[in-house]
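Each chain is listed here by its residues.
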Amino acid sequence: MFSFQPNTRIRPSPFFESAVAEGMTKANVYNRMIMPTSYGDPEGEYWRLLNGVSQWDVGVERQVQLKGRDAARLAQILAVRDLSTCKVGQGKYVALCDHRGTIFNDPILLKLADDLFWLSIADSDVERWATAIAAERGLDVEICEPDVSPMALQGPKAEDVVAHVLGDWVRGLKYFWFRETEIQGIPVAVQRSGWSKQGGFEIYLKDGSRGTELWNIFKEAGRPWDIGPGAPSSPERVESGLVSVGGDTDDDTNPFEVRLERYVDLDVPDDTIGVTALRRIKAEGVKRHQLGIVLEGDEPAPLGMRREDVMLDGRRIGMLTNCVWSYRMKANIGYVLVDSAVPLGTEVLVSRNTGPRTGKLVDIPFL
Ligand code: THG
C-alpha cells in the first residue's frame, strides 16, 4: 500500500473539506488539484446520477480569465470555433488546438462582458499558454486565474434542487447560458452545464473561503430529492458519448478524429492557432476516427494505466482509449481511435492486459 503525500503543489478545492466529510474514498489528480472520484459506492453513485441528483466537487475545472480591450480577440485566437455571435451570458464549448491542430484542451468559454471571458478548462495549463500567446502577439489583455470554483448538481432532479435554492428562473436557462447572482450573500454564477448527459447545473463559487457553506446549502436543500455526493461518472460519460481530452486523445489527435467537428469553424480568422493545420488535415482527409467498442466478457475489466492495441487480421489499427463496465448494457464498453477505413460493425481483437479479447465496433453514443 501507499498513501498520498499532501504538498503545496496540489491545490485543494474550496469543496475539498466537504468531500472528505462526505466520505470521499477515491480521487484523481487533475489540473494539479485533487478531483474526488468516488464516495465508496460507484454503482449507487451511478444510479443516483441517472435517477436523482448528485453533488460534485469539480473545483478542478479551473478558470482562466481574459480581461481587457483584446480579450475577445485573444479568445478567438485560442479557440477554433467562431465566437463572433457569442452573447454576454452565453457559454460555448470550444476546442483549443496547438499549431499542428492537436487538441490539448476543451473548455467551456463563458462570456461575462464584451471584454471579459472565462475559460473553464480541462486538464492542461491554459493560463501559461494564453499568457505566452498574448505576449508574443502584443495583445492588450490581462490573464489571471480568478477565485472561481465550480460545483456541479447533475441528474434529472438537479433542476428542482437548484430552483428551490435560486427560484424558478433557473428553469429558463438555456444550455451553457449562465447568470451571476448571490446565494445567501455568497457570490456565484449559475450555468446549465455539467459533464454528464443527465442534465443539471454548475454553480461557480466566486469566493473560495465559502465552499463549505455553499456545499451545505445545496446538501440541505436537496434532502427532499435524496441528494448525495458523487463525481463525474466514467460509465455514464462513455455511455453518453462525452469526450475526455487527454484521456481519449493523444499528442497527435485533432478534433475531427474525436467527433468534435461540429465545434470547429474553419472560416475563423487565419491567426487562430491551429486553423491552418486543420484546413490542411480536412483537405487531405482525416486518418483516424473514434468509435465505440463492446467487448466480449461479463466481468468488469477496466483499462489500466496504458491504452491497449486494437488489432485486425494481425495488424494494429489503433488503440482502446478507455473501458468501463456499463451498468445498463451489462458489458465492458469503451472508445477506440482507429484507422478511418475501418467501418462500424467490424469485429476486432484487443490486446488487453489480461490477454486478447474480441470486440465489436459500434456507433457513439451507446445509449
Ligand atoms: N464544466 C465546466 N468546465 C469544464 C467541464 C464541465 N471544463 C473541463 C471539461 N468539463 C470540458 N469538457 C467538456 C466536454 C463536453 C461538455 C462539456 C465540457 C458537454 N458537451 C455536450 C455534448 O458533447 O453533447 C454538449 C456540447 C454542446 O452541444 O455545445 O457538455 O463539464 N464548467
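Anything mentioned here points back to the structure above.
One structure accompanies this document, and this report is about it. Fair warning: this is a prediction, and the values are worked out from it, not measured in the lab.

Cut-offs applied
Counting of residues starts from 1 at the beginning of each chain's written sequence and follows it residue by residue. Side-chain atom pairs in this predicted model are given and counted only at pLDDT of 80 or more, local residue features only at pLDDT of at least 70, and totals for whole chains, interfaces and linings cover all residues. Heavy atoms from the whole structure form the basis of all side-chain values; hydrogens and water molecules are not counted. Residues are counted as near a molecule or strand when any one of their heavy atoms sits within 4 Å of it. Whenever two N or O atoms come within 3.5 Å, that pair is a polar contact, provided that in protein one can donate a hydrogen and the other can accept it, and provided that, for residues adjacent in sequence, both atoms are side-chain atoms. In these tables, accessible area is a Shrake-Rupley quantity obtained with a 1.4 Å probe, and a residue counts as shielded only by the protein chains included in the view. Pairing between strands is defined by DSSP: at least two bridges between them are needed. In DSSP terms, a helix is any run of H or I states spanning at least four residues, a strand is any run of E spanning at least two, and both are numbered starting from the N terminus. Helix axes use the C-alpha atoms of the stretch in contact, all axes being lines fitted to C-alpha atoms, and the angles between their N-to-C directions lie in the range 0 to 180 degrees. Note on definitions: a residue-residue contact is assigned when non-hydrogen atoms from the two residues lie within 4.5 Å. Remark: exposure states derive from per-residue accessible area (1.4 Å probe, protein chains only) relative to the maximum for the residue type, with buried under 20%, exposed over 50%, and partly exposed in between. Aromatic pairs are defined between Phe, Tyr and Trp rings, using the six-membered ring for Trp, whenever the two ring centres lie within 6.5 Å; interplanar angles under 30 degrees are classed as stacked, those over 60 as edge-to-face, and all others as tilted. Placement of a positive charge over a ring is assigned whenever Lys NZ or Arg CZ falls within 6 Å of the ring centre and within 35 degrees of the normal to the ring plane. Under this scheme an angle from 65 to 115 degrees is roughly perpendicular, one under 35 degrees roughly parallel, and one over 145 degrees roughly antiparallel; angles in between are oblique. The hand of a helix crossing depends on one turn: near helix anticlockwise from the far one by less than a right angle means left-handed, and clockwise means right-handed. Three categories are distinguished: nonpolar for Ala, Val, Leu, Ile, Met, Phe, Trp, Tyr, Cys and Pro, charged for Asp, Glu, Lys and Arg, and polar for the others, with Gly belonging to the last.

Before going further, it helps to examine the site of the ligand. Taken together, the neighbourhood of the ligand is formed by 17 residues, with Asp-106, Ser-120, Lys-197, Glu-202 and Tyr-204 sitting nearest. Separating an oxygen atom of the ligand from a side-chain N or O atom of Tyr-175 is a distance of 3.2 Å. Lys-197 places a polar side-chain atom, nitrogen or oxygen, 2.4 Å from an oxygen atom of the ligand. Within the complex, the protein chains bury 89% of what would otherwise be the 640 Å² of accessible surface of the ligand.

Looking now at the sheet that holds strand β5 (residues 91-93). Reading across from one edge, β5-β8-β9-β4-β10 is the order of the five strands in this open sheet, with antiparallel pairing throughout. The open sheet is flanked by β5 and β10 (142-144), the only strands paired with a single partner. The average angle at which neighbouring strand axes cross in this sheet is 20°, direction not considered. Relative to strand β9 (residues 116-120), strand β4 (residues 63-67) runs antiparallel, the two sharing five bridges. The residue bridging Gln-65 from the neighbouring strand is Trp-118, located in β9. Contacts from helix α3 (residues 71-78) reach β4, β8 (108-113), β9 and β10, with the element oriented near 130° to β4.

Turning next to the sheet that holds strand β19 (residues 331-339). What the six strands build is a closed barrel, ordered β16-β19-β18-β17-β20-β21; its pairing is antiparallel. Ignoring strand direction, the axes of neighbouring strands in this sheet form an average angle of 40°. Summarising the sheet, strand β20 (residues 347-352) and strand β21 (residues 355-362) pair through six bridges and their orientation is antiparallel. Bridged to Val-348 within β21 is Gly-359.

Turning to the environment of Ala-152, a few remarks are in order. With respect to the helices and strands, the residue Ala-152 is situated in strand β11 (residues 149-154). The class for Ala-152 is buried, based on a relative accessible area of 0%. The sequence separation of Ala-152 and Glu-202 amounts to 50 residues, and the corresponding C-alpha distance is 4.3 Å. Contacts of Ala-152, omitting those with residues within four sequence positions, involve Ser-54, Gln-55, Trp-56, Val-58, Phe-201 and Glu-202.

Below, the discussion takes up the pairing of strand β18 (residues 315-326). In terms of burial, β18 is a largely internal element, ten of the twelve residues being buried. Of the strand pairs in this sheet, strand β17 (residues 308-312) and β18 are connected by five bridges, and their pairing is antiparallel. Its bridge partner lying in β18, Met-311 is registered against Arg-316. What sits between β17 and β18 in their antiparallel hairpin is a turn of two residues, with Asp-313 showing a positive phi close to 50°. As defined by bridge partners, β18 adjoins β19 across eight bridges and the pair is classed as antiparallel. Opposite Val-324, over in β19, you have Ile-333 as the bridge partner. What sits between the antiparallel neighbours β18 and β19 is a turn of four residues, in which Lys-330 has the positive phi angle 55°.

Moving on: the packing of aromatic side chains. Taken as a whole, this structure holds seven aromatic pairs when the rule is applied. Aromatic pair Phe-15 and Trp-215: ring centres 6.3 Å apart, planes at 45°, arrangement tilted. A residue pair is termed long-range when its members are at least 10 positions apart, and Phe-15 in the segment before α1 (16-21) and Trp-215 in helix α6 (residues 211-221) qualify at 200 residues. By relative accessible area, Phe-15 is classed as buried at 0%. An aromatic cluster of at least three residues, connected via ring pairs, comprises Tyr-46, Trp-47 and Tyr-327. In this arrangement the basic side chain of Lys-174 is found over the ring face of Trp-177, its NZ or CZ atom lying 4.7 Å from the centre.

So, on to the packing of α3 against helix α4 (residues 126-136). At a minimum axis separation of 11 Å, α3 and α4 run at an interaxial angle of 115°. Classified by the angle between their axes, α3 and α4 sit roughly perpendicular to one another. For α3 against α4, the interelement crossing comes out right-handed. Between α3 and α4, the residues in contact are Leu-74, Ile-77 and Leu-78 and Trp-129, Ala-130, Ile-133 and Ala-134, respectively. Residues belonging to the contact of α3 with α4 are distributed by class as follows: seven nonpolar, no polar and no charged.

The N-to-C vectors of helix α5 (residues 158-166) and α6 enclose an angle of 115°; their axes lie 9 Å apart at closest approach. Considered as vectors, α5 and α6 are oriented roughly perpendicular to each other. For the pair α5 and α6, the sense of crossing is right-handed. Across the interface between the two elements, Val-161, Val-162, His-164 and Val-165 from α5 touch Ile-217, Phe-218 and Ala-221 from α6. Here the residues of the contact of α5 with α6 sort into six nonpolar, one polar and no charged.

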